Amino acid sequence: MMLTPDYLDHAPDRLVLLWRQVEDDILRDVARRIGKMDALTPTANWQLWRYQQTEAVRKDVVKLLARYTGKSEAEIRRLMKEAATAALEAEDEIYYHYGKEPTPFEESAPLQNLLNAGYRQTAGSFSNLTATTANTVSGAFEQALDRAWLQVSSGAFDYKTAVKRAVDGLADSMPYVTYPSGHRDTLEVACRRAVLTGVNQTGAKLQEARMDEMGASFVEVTAHGGARPSHAVWQGRRYHRGGAVDYMGKHYPDFEAATGYGTGAGLCGWNCRHTFFVVFPELGSPPAWTQESLEALNARNIEYDGRLYTRYEISQMQRARERAVRKWKRRYLAEDAAGADTTASAVKLRQARQSLADFTRATGGRVDSARTSVHGFGRSASSKAAWAAKKVTALNEVLRIEPQPVTMQSIASVKPFVCETLDSSGQRQLQNAHKRLLMTASKQPSGVEVGRLFDLHMKPLTQDVMGDPDGHTVKLPNPSEPYVAIHTHPACGIFSNGDLSNFANKSNLKLLTAIGHNGHVYAVEKGADYDAIATKGIIWKLNAEIDQLKNIPRAELPDEQLLEQAEKLVWQAIGELQKNGVKFYE
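Throughout, residues of each chain are indexed from 1 in the direction in which the sequence is written. Owing to the predicted nature of the model, reporting of local features is limited to residues with pLDDT of at least 70; listing and counting of side-chain atom pairs is limited to 80 or more, with chain, interface and lining totals taken over all residues. As a convention, hydrogens and water are excluded, and side-chain values are obtained from all of the structure's heavy atoms.

Caption draft 1: Expanded view of the sheet that holds strand 4 (residues 238-240). Pairs of strands are assigned from DSSP output, requiring at least two bridges between the strands. Think of it this way: any DSSP run of H or I at least four residues long counts as a helix, any run of E at least two long counts as a strand, and we number them from the N terminus. Strand order in the open sheet made by the three strands is 4-3-7, with antiparallel pairing throughout. Each edge of the open sheet is held by one strand with a lone partner, namely strand 4 and strand 7 (276-279). The average undirected angle you get between the axes of adjacent strands in this sheet is 35°. Of the pairings in the sheet, the one linking strand 3 (residues 218-221) to strand 7 comprises four bridges and is antiparallel in character. Paired with Val-221 across the two strands is Phe-276, which belongs to strand 7. Whether two residues are in contact is decided by their heavy atoms, any of which lying within 4.5 Å being enough. Axes, fitted as lines to C-alpha atoms, cover a helix only where it is in contact. Angles between the N-to-C directions of the axes lie from 0 to 180 degrees. Against the sheet, helix 7 (residues 187-214) engages strand 3 and strand 7, with an angle of about 15° to strand 7.

Caption draft 2: Structural detail: the environment of Tyr-68. Inspection of the secondary structure puts Tyr-68 in helix 3 (residues 43-97). In this structure Tyr-68 comes out as buried when scored by relative accessible area, which is 4%. Along the primary structure Tyr-68 and Pro-229 are separated by 161 residues, whereas in three dimensions their C-alpha atoms are 38 Å apart. When residues no more than four places from it in sequence are discounted, the contact partners of Tyr-68 are Leu-18, Trp-19, Gln-21, Val-22 and Asp-25. Using a 1.4 Å probe on the protein chains alone, a residue whose accessible area is under 20% of its type maximum counts as buried, one over 50% counts as exposed, and one in between counts as partly exposed.

Caption draft 3: Inspection of the layout of surface pockets at higher detail. Cavity: a set of points on a 1 Å grid over the protein atoms alone where a 1.4 Å probe fits but cannot get out. Pocket: an open set with protein on both sides within 12 Å along at least five of seven lines, its lining residues, like those of a cavity, having an atom within 4 Å of a point. Grid points are joined across faces, edges and corners, and a volume is the space filled by probe spheres set on the points. For the second largest pocket, the calculated volume is near 1,500 Å³. Around the second largest pocket, the lining comprises 44 residues; the ones closest to its centre are Asp-9, Gln-316, Arg-319, Arg-323 and Arg-371. Secondary structure elements with two or more residues in the lining of the second largest pocket: helix 1 (5-10), helix 2 (13-34), helix 6 (159-173), helix 7 and helix 11 (311-338). In terms of residue class, the lining of the second largest pocket is built from 11 nonpolar, 13 polar and 20 charged. The classification used treats Ala, Val, Leu, Ile, Met, Phe, Trp, Tyr, Cys and Pro as nonpolar, Asp, Glu, Lys and Arg as charged, and all other residues, Gly among them, as polar.

Caption draft 4: Geometry of unusual backbone geometry. Non-glycine residue Asn-271 carries a positive phi angle of around 55°. Note on Asn-271: relative accessible area 35%, which makes it partly exposed. Of note, the phi angle at Met-458 is positive, near 65°, even though the residue is not glycine. With respect to the element layout, Met-458 can be found in the loop between strand 10 (450-454) and strand 11 (465-466).

Caption draft 5: Just the packing of aromatic side chains, in detail. Only centres within 6.5 Å qualify two rings of Phe, Tyr or Trp (six-membered ring in Trp) as a pair; their planes then separate them into stacked at under 30 degrees, edge-to-face at over 60, and tilted for everything else. Within this structure, the stated rule accounts for 15 aromatic pairs. An aromatic cluster is present here, built from Trp-46, Trp-49 and Trp-149 joined pairwise through their rings. Think of it as a cone above the ring: NZ of Lys or CZ of Arg counts as a charge over the ring if it is within 6 Å of the ring centre and within 35 degrees of the ring normal. One cation-aromatic arrangement involves Lys-71 over Tyr-68; the distance from NZ or CZ to the ring centre is 5.1 Å. The cationic tip of Arg-77 hangs over the ring face of Tyr-119; the distance from NZ or CZ to the ring centre is 3.9 Å.

Geometric values such as these leave the question of function open.
Here it is, written out as structure tokens:
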């Protein structure tokens, strides 16, 4: 088969990441410049500064584009060659299967010429768009400055609020390219559209040329879930090139007339992930798609939040959550660059990440880090944002202090994770053990923990152990052989200092997990380079610091603040443990 819908969907990914980096660099630069507005008061100074900053943005964008254009063109060339080679190899296998001998792709001058023409057209169309970027960005920057200045000078907003509004607006919707029609878009969207369309159309032209060479005239179109309605009517079916025909008792509609091939709205047109491949009805070539398999593509067989969805619908719901994570990362970085308050964005980012994690756990998906990445948002920025969120979010929201109910959805959302202590079979058994433990927990009084021990082959060492109905916390034994300990956290929070003390002081405890009633798993593991002495020192310090907090009168440190600071200390301790051979999973 030719290029699959999934291949076409991910083909532009590397190039998209490259141009996302350009977008994010530009955004931080303009945000930093907007943040300098506070030093200006007289109107004359404002007009001069505005002009200088707008010209500086335009020049900086031109320099940045020059630095990335070469990388972009090289990646387009690499991608076009890879896709063309993959497409022709897959297509030629069909010819070989039926005893036909196509000319090797690398030896065919006509096919190589088509490939080069496709590269030039794709690279050229995208280059034409990026040529508009400097003016598009500087124009948006100038408009944002004018709005902020008007808001401040009119007294509608103070300086800090106006700057934040301007920066947030650009982070959410700053355009980077302008099409000839006047439509404006981001570099990421423009890049994905141009490359996907260019790769697919070039592959299609190569295939047509191969079919002309081999005298083939029948094709079958690929199919995928979630096809737009105008494409769903012709996907997965067979056609004849050069007019409709009746052949061997079957009717074959005209390829171009039925699918719109060759038009922007049709097969292999704008953003289309369908393609086609050669078939030989006279040689018994069976259809790749049946009516039943086409209907199965859009079967509503994935449950989420009490409703059934198709895989395509679920994928779009996940993409929306991934975009939300990127949105709040970009806002946070832009506000930070402008010197604005990042607190609200940090809280929203935390919520967006949790929403995405919960959704993928519930629907059996996985987070695609490439779709949530923002250039410049590394470990340092992530940590700063996390702490900013923790400082302002109500503690019962952050820690979910109130016990949560166990639901069938939370049980189904439990995922395995890769660790050193267990092999792949053991990891799957651990996942099932977590699910069974949640089933047991669902039958206990609210807030009561449940635990169980296993050996390193996941053979049970104990029955389910219940926490005290009054004290809630479960107390697990300490066997004389290496073991794995699992227990529930009804409030869905991180490890307590008591959990970490047990982990440090019980030498045979190799892997400790805490499974929240929401299905989320935290785990700590003693890795190959585990330092027992250092670990005990870290935990001793953690316990001493938490004891100091407990001794502060509640009038000076209310329970909510006590728990907030205790959680902060636990997270800091986990960070230190990771430097001393402890593996942490969440």
